[in-house]
Each structure stands twice: as structure tokens, then as C-alpha cells.
Amino acid sequence: MERRDALGAVEQRGVVGALGLHGVETGHVLRHQQVAESAVRNQVGLLEQTDAPVEPLLLAATDLGSFQQCVDETVKGPPVRELPTPEGGTQLLWACDQAWTDVPPALPPVLLADGHHRLEAARRLRRAEPGSAAGRLPALVVDHRRYPLTLSATHRAVPGLDLGRAVATAARVARVAELPAGARLAPRNGTFVLTGGGRAWEVSEVSPATMAGRLRFVPPEWVELPAAISDHVLIPALCEDQGVPVAPRYTSEPPGPEEVGLILPPPTWDQIWSGAASGAGMPPKSTHLGPSLPRWPLT
């Protein structure tokens, strides 16, 4: 599979296949993000109710190993399918030579970029019903070395918050400074942007005492990560002050003008790989990695 932009430049290239659910146990699939229990249960329900293929997992490989030869040879021929992407580019699909399917070579370790809840749900279902649940999931392994994935943050919109009170509460636990109208809402590392009603405030220098009190139950590797500070420090403080449920909406886009929310800085690739290697992972909804498939090409 290959994705090209509107000018024909390659944005992404990889191999579509089926991933065995035992990949996590063998160390071949590194998970960089912790899962939310409620989301896993939702995915279990979906897997139980449908026989249709789910959207593929997105895996990033810094080394395709022997599959690199398969990719290089395959893209020399004409694609079997070409689909438009929402950005005006194209998504192309080739059929690999049957030999690569009959005896597929082993892949080096890959990073699970998207699909943590789907993978965990499938593993649980397989353990509960080994005779009826599939042992594999569709997956796209992309060449992250030549065509690296994009990396951005997942932001938070918090329903029910009063903007004025939220700003005042944030100022009690952090340094808060209003940003000028029209300022670029891209927080620097260690800062957040509190938005609402077309206005924005930079939130920085969160109180160490508040951080220590609220982050004492999370893995120590998380204490400097934006998603952990957002979800365990700032948002609970804002919600508790107003008696509002801590139930943020997660979005890859900044919260809308009618919403009160937090724009997060993105984590770094070093943090992602370090969390995956250590097993601590990242907090849920920490990242947005892409581009994801605009359309599942095998349906």
C-alpha cells in the first residue's frame, strides 16, 4: 500500500497483512500507549457483533527486514487499485507475489502506532473463546524509516466547564497568561493552552506540590508527560472546583470555539520509544499518529 500527496510525492508506504495476536507476548509488537478499560470493553462488544474486518492496526517499522525486497519489487508494477484521499492525493494498492504470502519472512520488532484498544480486545476475546475468536487482525506495517509517521498531540475538550471559573482555578495551580487574539495555538513543551469562547491562555509552571499530590499513583515515567499532567492534574482541578464530571472529549483537532478545553504539546518520539521499550507506555490518548488509512482498501 502506498499513499501519495496531491503532487504525487510518497507520504507512506507499507505492507498490508494479518498480525498474529501473540506478537505482544513474543516482543515483536511494542505498545506505546496504555489502554482505557471502558474503550477495550467497547471494542470487545464490536468484535463480538460483527464478522466484517475491522480497520487495520497501524504498525511502524524502522526496519522492514526481508519485506523491504517485497515492497521494492512490488511497486515497480502497476497497482491493482487506486483510491482518492480526502487531501486530494491517492492511495494505491498492489498485490504481492504469492511467494511472499506462502512463506512470509519474519518482521523485526514494530511499534503499534494505532489500534491499542482493538488489539487488546481481540486478545481478551481470544483468551475467553479460543475456538471461536480469530487469532489474527488486519494490519498495515509502514516503512517508518523512509516515510516517518506524523506525530501530534490528542487534545481535550471538557463539557460543562465555565470558562471564567476555569481560568481562575488554573491560575491557583499554575502560571496563566492570556494570549493575544490570533496567536498561534501551539503550546511549547511544558505548557498547555486553555481555550474557550475564541480566547486562549497559556498555562505553564504547574505547582510542584499539586503535581506531586495528584501524580503519585501514576507510573513514574509519566510524571513529565503532557497527557498525564492534563488528565491527572489540570482537568481534575478544573472539574472539581465546578462540580463537573471529569469526562473530557478527546480530539486530534483543537477544541471548538464553543468548547472549553486544553490544547496539549505533542510528546517526542524518544518518549514514545522509551515508553514502549520499558513497558510503561504512554497515558491513554497521548498521541495522534498518522496518516491513518482514509479508507480500508480491502472492502
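Residues numbered from 1 in each chain as written. Predicted model: local features only at pLDDT ≥ 70, side-chain atom pairs only at ≥ 80, totals over all residues. Heavy atoms only, no water.

**Some thoughts on the environment of Ala 122**
Quick reminder of the rule: Numbered from the N terminus, helices here are DSSP runs of H or I no shorter than four residues, and strands are runs of E no shorter than two. In what follows, residue pairs with any heavy atoms lying within 4.5 Å of each other are defined as contacts.
You can see Ala 122 is positioned in helix α5 (residues 116–128). For the pair Ala 122 and Ala 134, spaced 12 residues apart in sequence, the C-alpha separation works out to 7.9 Å. Those residues in contact with Ala 122, other than ones at most four positions away along the chain, are Leu 21, Leu 47 and Leu 137.

**What to know about the state of the cysteines**
Filter applied, for reference: Pairs of cysteine sulfur atoms within 2.5 Å are what we label disulfides.
All told, the structure shown has zero disulfides when counted by the stated rule. Among the cysteines around Cys 96, which has no disulfide bond, Cys 70 carries the closest sulfur, lying 3.6 Å off.

**Observations concerning helix α6 (residues 163–173)**
Rules: Only protein chains enter the accessibility calculation, which uses a 1.4 Å probe; a residue is then buried when its area is under 20% of its type maximum, exposed when over 50%, and partly exposed in between. Here the arc refers to the set of directions running from the helix axis out to each C-beta atom. For the purposes of these results, a polar contact is taken to be a pair of N or O atoms within 3.5 Å, where, inside protein, one atom must be able to donate a hydrogen and its partner to accept one; residues adjacent in sequence count only when each atom of the pair is a side-chain atom.
If you check which residues of α6 are buried, you get Leu 163, Ala 166, Val 167, Thr 169, Ala 170 and Val 173. Looking down the long axis of α6, one finds its buried residues gathered within 165° of arc, a one-sided arrangement. Against the buried residues of α6 lie β11 (175–178), β12 (192–196), β13 (199–204), α7 (208–214) and α8 (226–242). Among the residues of α6, the N-terminal cap falls to Asp 162, whose side-chain oxygen and the backbone nitrogen of Gly 164 are separated by 3.3 Å.

**Quick word on the sheet that holds strand β14 (residues 249–251)**
How we decide: Pairing between strands is defined by DSSP: at least two bridges between them are needed. Angles here are taken between N-to-C directions and fall from 0 to 180 degrees, while the axes themselves are lines fitted to C-alpha atoms, restricted in helices to the stretch in contact.
An order of β11-β13-β12-β15-β10-β14 is seen for the six strands of this open sheet, with the pairing classed as antiparallel. Of all the strands in the sheet, the pair left with one neighbour each is β11 and β14. Averaged over neighbouring strand pairs, the angle between their axes works out to 30° when direction is ignored. Lying on the sheet, α6 is in contact with β11, β12 and β13; it crosses β12 at an angle near 160°.

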